[in-house]
Amino acid sequence: MPSTNKPLNIQKIREACKSENRQLIGNISYFKTIDSTNNWLLENGHCGDICISDTQSAGRGKRGNSWLSPNTGNIYFSLCWCFNDNLKHRSLLSLVTGIAIADVLSDVGLSGHGVKWPNDIFWQQKKMGGILIETTNQSQKFVIGIGLNISMPDNINKEIDQAVVSLLEAMQESVISREQIIIHLIQRLVQRLDTFDNLSFDEFMKSWAKWDILQERLVSFIHRDIKISGSVAGLDKSGRLGILQDNGKLDFFSSADIKLDKSPT
Ligand code: BTN
């Protein structure tokens, strides 16, 4: 699959954001390359600021992993957001971000995708994107980082230890501009974050159910050096994943690197 090397038309994104949600969005900084867009906002960002880069030299992923960010065709995006002091649903933030991204992918015509709890974007068992949320000492300032594979070089699979896919591959090269995707992403995210303080858990669950790819699936993962396996049994109010274990015990987990055990029947 060919990758595109065109730099982003950042002006188009800035213009689109001026007309919508202008009071919620701050500066949009754009780099050809930077260490990490999350890093940049953690150090320099104010509430509502956005940072986008064509490549990252030290992109960060979950659990201290790196996020390979070598080519211009993908999206490396971070948004700095501030909440009120008594944020009720902090633990649902990455799930809500996943819902927003899944909605964006639908907006641009993709189907067959979903969110793999807690914060991976998947298309047909392959990873298309990930979310990394970080905070500073100012505890109400969050940096929401999103990496989305849009167009990747053919040999990238060799460098990554899991199956990955790009949007162009999934959509069989229908032309979608990165600018358009980012504009949708900003709109969908800001809409969800602006109402996040008053999130109703029932409404959240309705959206989650639409995109949750683990529903009732058999899964396994390592938790404190022990292998857990069982079937997925929903979320609790803190967004923890319920697992009905093979031994009949129901437990809830707040994070895990889930492996899908079998295909649905
Ligand atoms: C994951 O491990 O799945 C999360 C990956 C998050 C990567 C994005 S790319 C933009 C932002 N900047 C970073 O350094 N990481 C996030």
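Residues numbered from 1 in each chain as written. Predicted model: local features only at pLDDT ≥ 70, side-chain atom pairs only at ≥ 80, totals over all residues. Heavy atoms only, no water.

Asks: Help me get a handle on the sheet that holds strand E10 (residues 241-245), residues and values and all.
Replies: With antiparallel pairing, five strands are arranged side by side in an open sheet as E11-E10-E9-E8-E12. Across the chains shown, the open sheet's two edge strands, defined by having one partner strand only, are strand E11 (250-253) and strand E12 (259-260). Where E10 and E11 come together, four bridges link them in antiparallel fashion. Bridging across to E11, Ile243 finds its partner in Asp251. (Pairing = 2+ DSSP bridges. Helix = DSSP H or I, 4+ residues; strand = E, 2+ residues; numbered from the N terminus.)

Asks: I'd like to hear about the nonpolar core, residue by residue, with values.
Replies: One finds Ile13, Ile52, Phe77, Met128, Leu167 and Phe204 to be the most contacted residues of the largest nonpolar core, which totals 69 residues. For this core, the element with the highest residue contribution is helix H3 (residues 93-107), accounting for nine residues. If you look at the next biggest cluster of nonpolar residues, it comprises six residues, including Ile34, Cys51, Cys80 and Val143. (Core = buried A, V, L, I, M, F, W, Y, C linked by side-chain atoms within 4.5 Å. Buried < 20%, exposed > 50% of the residue type's maximum accessible area, 1.4 Å probe, protein only.)

Asks: Lay out the packing of aromatic side chains with the relevant residues and their values.
Replies: Under the criterion given, the structure shown has six aromatic pairs. Seen in terms of ring centroids, Phe83 and Phe196 are 5.4 Å apart; in terms of plane orientation they differ by 50°. Their pairing is tilted. Here Phe83, found in the loop between strand E3 (75-82) and H3, pairs with Phe196, found in the loop between helix H5 (178-194) and helix H6 (201-211); they are 113 residues apart in sequence, far enough to count as distant. No difference in accessibility class separates Phe83 from Phe196, as the two residues are buried. (Phe/Tyr/Trp six-rings, centres within 6.5 Å; stacked < 30°, edge-to-face > 60°.)

Asks: Would you mind going over the environment of Ile182 in detail, with residue names and values included?
Replies: Looking at the secondary structure, you find Ile182 in helix H5. The exposure class of Ile182 is buried, given its relative accessible area of 0%. Counting along the chain gives 73 residues from Ile182 to Gly109, while the straight-line C-alpha distance between them is 14 Å. For Ile182, the residues in contact, after removing those within four places along its chain, are Leu8, Ile13, Ile52, Ile75 and Phe77. (Contact = heavy atoms within 4.5 Å.)

Asks: Lay out the state of the cysteines with the relevant residues and their values.
Replies: Per the counting criterion, the structure on display carries one disulfide. Between the sulfur atoms of Cys47 and its disulfide partner Cys82 the distance amounts to 1.9 Å. Where Cys47 bonds to Cys82 through sulfur, the torsion about that S-S bond is close to -85°, and the disulfide is left-handed. In this pair, Cys47 is assigned in the loop between helix H2 (37-44) and strand E2 (50-56) and Cys82 in strand E3, connecting sequence segments 35 residues apart. Residue classification places Cys47 among the partly exposed residues on the basis of a relative accessible area of 46%. Cys17 forms no disulfide, and the closest cysteine sulfur to it belongs to Cys51, at a distance of 14 Å. On the basis of relative accessible area, Cys17 is assigned to the buried category, the value being 8%. (Disulfide = S-S within 2.5 Å.)

Asks: Mind laying out unusual backbone geometry, listing which residues take part and the relevant values?
Replies: Following Trp117, the chain continues to Pro118 via a peptide bond in cis, the omega torsion being 0°. For Arg63, which is not a glycine, the phi torsion comes out positive at approximately 50°. Phi at Gln124 is positive, roughly 45°, even though this residue is not glycine. The topology assignment puts Gln124 in the loop between strand E5 (120-123) and strand E6 (126-135).

Asks: An account of the pattern of salt bridges is needed here, citing residue identities and associated values.
Replies: Under the definition given, this model contains 13 salt bridges. The residue Asp120 makes a salt bridge to Lys62 at a minimum N-O spacing of 2.5 Å. One end of the pair, Asp120, is in strand E5; the other, Lys62, is in the loop between E2 and E3, and 58 residues separate them in sequence. Overall, the relative accessible area of 7% leaves Asp120 in the buried class. With its nearest N and O atoms 3.3 Å apart, the salt bridge here joins Lys206 to Glu203. A residue pair is termed a helical-turn pair when its members lie 3 or 4 positions apart in one helix, as Lys206 and Glu203 do in helix H6 at three residues. (Salt bridge = Lys/Arg side-chain N within 4 Å of Asp/Glu carboxyl O.)

Asks: Got a sec to walk through the sheet that holds E6? Specific residues and values, please.
Replies: With mixed pairing, the seven strands of this open sheet are ordered in space as E1-E2-E3-E7-E6-E5-E4. If you trace the sheet from one side to the other, it starts and ends with strand E1 (28-34) and strand E4 (113-116), each paired once. Pairwise comparison of adjacent strand axes, ignoring direction, gives a mean angle of 20° for this sheet. Relative to E6, E5 runs antiparallel, the two being bridged by four bridges. Looking across to E6, one finds that Ile121 is bridged to Gly129. Set on the sheet, helix H1 (residues 10-19) makes contact with E1 and E2; between it and E1 the angle comes to about 160°. (Axes fitted to C-alpha atoms, helices over the stretch in contact; angles between N-to-C directions.)

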